[in-house]
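One-letter residues, chain by chain:
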Amino acid sequence: AQSVSQHNHHVILSEAASLELGCNYSYGGTVNLFWYVQYPGQHLQLLLKYFSGDPLVKGIKGFEAEFIKSKFSFNLRKPSVQWSDTAEYFCAVTAPSGYSTLTFGKGTMLLVSP
Amino acid sequence: DTAVSQTPKYLVTQMGNDKSIKCEQNLGHDTMYWYKQDSKKFLKIMFSYNNKELIINETVPNRFSPKSPDKAHLNLHINSLELGDSAVYFCASSQGRVGYGYTFGSGTRLTVV
């Protein structure tokens, strides 16, 4: 079974600072990788996903993530955060075949101060 | 226009009661899920249905019983509610293989007092 580890539980940044949230997964085969965002009191929304091909994936709202297979990592980045990026960020993984479900990391709470 | 809709949004009830949460999706997806998000925001799969058939049933107390009358609906019934059942329950849907990602509902915040 797959598992996901997010290193930072809480991150506090000032506006315009650069962001990198760590995500490592554990799974013996090919994986599909996702980042979801949950704004306060809201549901999860998909930021970006990786299936195959270019390991640098661009998502919505200026976010991107890089898949590094040798490190089993899929870190999320944004060059300049805004106050509106304050939210919980979840990394998730699934096997690309069959009916396996998304396995989520425990989330990283990002607080951006104006 | 809501893709995945859940009702109710909030549910406050006493211990020992039985309650249901409903979920409907209008995306034409064939697979639906229930996830539980605890107070520490951890998301854990509970159930998954594909074309009305239960395909994933994680270690969940049998007080929780899902039901899918058709592939657009997935309901969750909870018997004899306990304090530890307090959480946010999210419904989600996907088309077949999860590789295409899930669409989540807005969640049902269940509080057991």
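First things first, this report covers the structure right here in the doc.

Rules used in this analysis
Each chain has its residues counted from 1, following the order in which its sequence is written. Chain A is the first chain written and ligand 1 is the first ligand written, with later ones labelled in order. The predicted nature of this model means local features are confined to residues of pLDDT at least 70 and side-chain atom pairs, given and counted, to a pLDDT of 80 or more, with totals for whole chains, interfaces and linings taken over all residues. Calculated side-chain values reflect all of the structure's heavy atoms, with hydrogen atoms and water omitted. Numbered from the N terminus, helices here are DSSP runs of H or I no shorter than four residues, and strands are runs of E no shorter than two. Radius of gyration here is computed from C-alpha atoms only, and the compact-globule reference equals 2.2 Å multiplied by the residue count raised to the power 0.38. To sort residues, take the accessible area from a 1.4 Å probe on protein chains only and compare it with the maximum for the residue type: under 20% means buried, over 50% means exposed, and anything in between is partly exposed. Where accessible areas are quoted, they stem from the Shrake-Rupley method and a 1.4 Å probe; at the residue level, only the protein chains shown are allowed to cover. Disulfides are defined in this document as cysteine sulfur pairs within 2.5 Å. We call a set of buried residues a nonpolar core when its members are Ala, Val, Leu, Ile, Met, Phe, Trp, Tyr or Cys and they connect through side-chain atoms within 4.5 Å of each other. A pair of strands is labelled paired if DSSP reports no fewer than 2 bridges between them. Throughout, an axis means a line fitted to C-alpha atoms (over the contacting stretch in the case of helices), and angles, computed between N-to-C directions, take values from 0 to 180 degrees. Only heavy atoms enter the contact rule, under which two residues are in contact if any of them lie within 4.5 Å. Accessible area, probed at 1.4 Å, shrinks when two parts are joined; the buried area is that loss added up over both. The salt bridge definition used is simple: a Lys or Arg side-chain nitrogen within 4 Å of an Asp or Glu carboxyl oxygen. Side-chain atoms alone can form a polar contact between residues adjacent in sequence; in general such a contact is a pair of N or O atoms within 3.5 Å, and within protein one must be able to donate a hydrogen while the other accepts it. For this classification, Asp, Glu, Lys and Arg are treated as charged, while Ala, Val, Leu, Ile, Met, Phe, Trp, Tyr, Cys and Pro are nonpolar and the rest, including Gly, are polar. In this scheme Phe, Tyr and Trp rings, the latter by its six-membered ring, pair at centre separations within 6.5 Å, and the angle between planes marks the pair as stacked below 30 degrees, edge-to-face above 60, and tilted otherwise.

## Focus: the overall build of chain A
Step number 1: Counting secondary structure elements, chain A contains zero helices and twelve strands.
Step number 2: For chain A, the sequential pattern of α-helices and β-strands runs β-β-β-β-β-β-β-β-β-β-β-β.
Step number 3: Computed over C-alpha atoms, the radius of gyration of chain A comes to 14 Å, within 12% of the 13 Å expected from 2.2 N^0.38 for 114 residues, which places it in the range of a compact globule.
Step number 4: Reported as C-alpha extents along the three principal axes, the dimensions of chain A are approximately 45 × 30 × 20 Å.
Step number 5: The buried share of chain A, reckoned over its 114 residues, is 48%.
Step number 6: Total accessible area computed for chain A in this model is approximately 5300 Å², and 55% of it derives from carbon and sulfur atoms.

## Thoughts on the overall build of chain B
Step number 1: What chain B contains, in helices and strands, is zero helices and eleven strands.
Step number 2: The order of α-helices and β-strands along chain B, N terminus first, is β-β-β-β-β-β-β-β-β-β-β.
Step number 3: A globule of 113 residues ought to have a C-alpha radius of gyration of about 13 Å, and chain B, at 13 Å, matches this closely.
Step number 4: The dimensions of chain B, computed from C-alpha atoms along their principal axes, are 35 × 25 × 25 Å.

## With respect to the state of the cysteines
Step number 1: Evaluation of the coordinates by the stated rule reveals two disulfides over all chains.
Step number 2: With its sulfur 1.9 Å from that of its partner, Cys23 of chain A forms a disulfide with Cys91 of chain A. Taking the torsion about the sulfur-sulfur bond, which here is approximately -65°, the covalent link between Cys23 of chain A and Cys91 of chain A counts as left-handed. Here Cys23 of chain A, found in the loop between β3 (19-21) and β4 (24-26), pairs with Cys91 of chain A, found in strand β10 (residues 87-94); they are 68 residues apart in sequence, far enough to count as distant. Taken individually, Cys23 of chain A and Cys91 of chain A each receive the classification buried, so the pair is uniform in this respect.
Step number 3: Cys23 of chain B shares a disulfide with Cys91 of chain B; S-S distance 1.9 Å. Handedness here is read from the sign of the S-S torsion; for Cys23 of chain B and Cys91 of chain B, about -80°, the answer is left-handed.

## Focus: the nonpolar core
Step number 1: Core analysis: the largest hydrophobic core is formed by 28 residues, its most contacted members being Leu33, Trp35, Leu47, Leu48, Phe74, Leu76 and Tyr89 of chain A.
Step number 2: Elements that contribute at least two residues to this core include exactly β2 (10-14), β3, β5 (32-38), β6 (44-50), β8 (64-68), β9 (73-78), β10 and β12 (108-113) of chain A.
Step number 3: For this core, the leading source of residues is β10 of chain A, giving four residues.
Step number 4: Cys23, Tyr49, Ala87 and Cys91 of chain B belong to the second-largest nonpolar core, a separate cluster that totals 19 residues.

## Things to note about the sheet that holds strand β3 (residues 19-25) of chain B
Residue and element names in this part refer to chain B.
Step number 1: Strand order in the open sheet formed by four strands is β1-β3-β8-β7, and the pairing between neighbours is antiparallel. Two strands in the sheet have a free side with no partner beyond their single neighbour: β1 (4-7) and β7 (64-70). Strand-to-strand twist across the sheet, computed as the mean angle between neighbouring axes with direction ignored, equals 15°.
Step number 2: Where β7 meets strand β8 (residues 73-78), five bridges bridge the pair, whose relative direction is antiparallel. Residue pairing across strands places Asp70 opposite His73, the latter belonging to β8.

## Structural notes on the interface of chain A and chain B
Step number 1: At the interface, 22 residues of chain A touch 24 residues of chain B.
Step number 2: Counting the surface lost from both chain A and chain B, the interface buries some 1800 Å², and carbon and sulfur atoms represent 62% of this.
Step number 3: Linking chain A with chain B are zero salt bridges.
Step number 4: At the surface where chain A touches chain B, the tally comes to four residue pairs in polar contact (both at pLDDT 80 or more).
Step number 5: Among the secondary structure elements, those contributing two or more residues to the side of chain A that touches chain B are β5, β6 and β10 of chain A.
Step number 6: At four residues, the largest contribution of residues to the side of chain A that touches chain B is made by β5 of chain A.
Step number 7: Here the side of chain A that touches chain B is composed, by residue class, of nine nonpolar, ten polar and three charged.

## A closer look at the packing of aromatic side chains
Residue and element names in this part refer to chain A.
Step number 1: On inspection of all chains with the given rule, the structure shows 18 aromatic pairs over all chains.
Step number 2: Ring centres of Tyr25 and Phe72 lie 5.5 Å apart, and the angle between their planes is 70°; this geometry places the pair in the edge-to-face category. Note that Tyr25 is positioned in strand β4 and Phe72 in the loop between β8 and β9, a separation of 47 residues in sequence.
Step number 3: Among the residues examined, Tyr25 registers a relative accessible area of 6% and is labelled buried.
Step number 4: The exposure class of Phe72 is partly exposed, given its relative accessible area of 39%.

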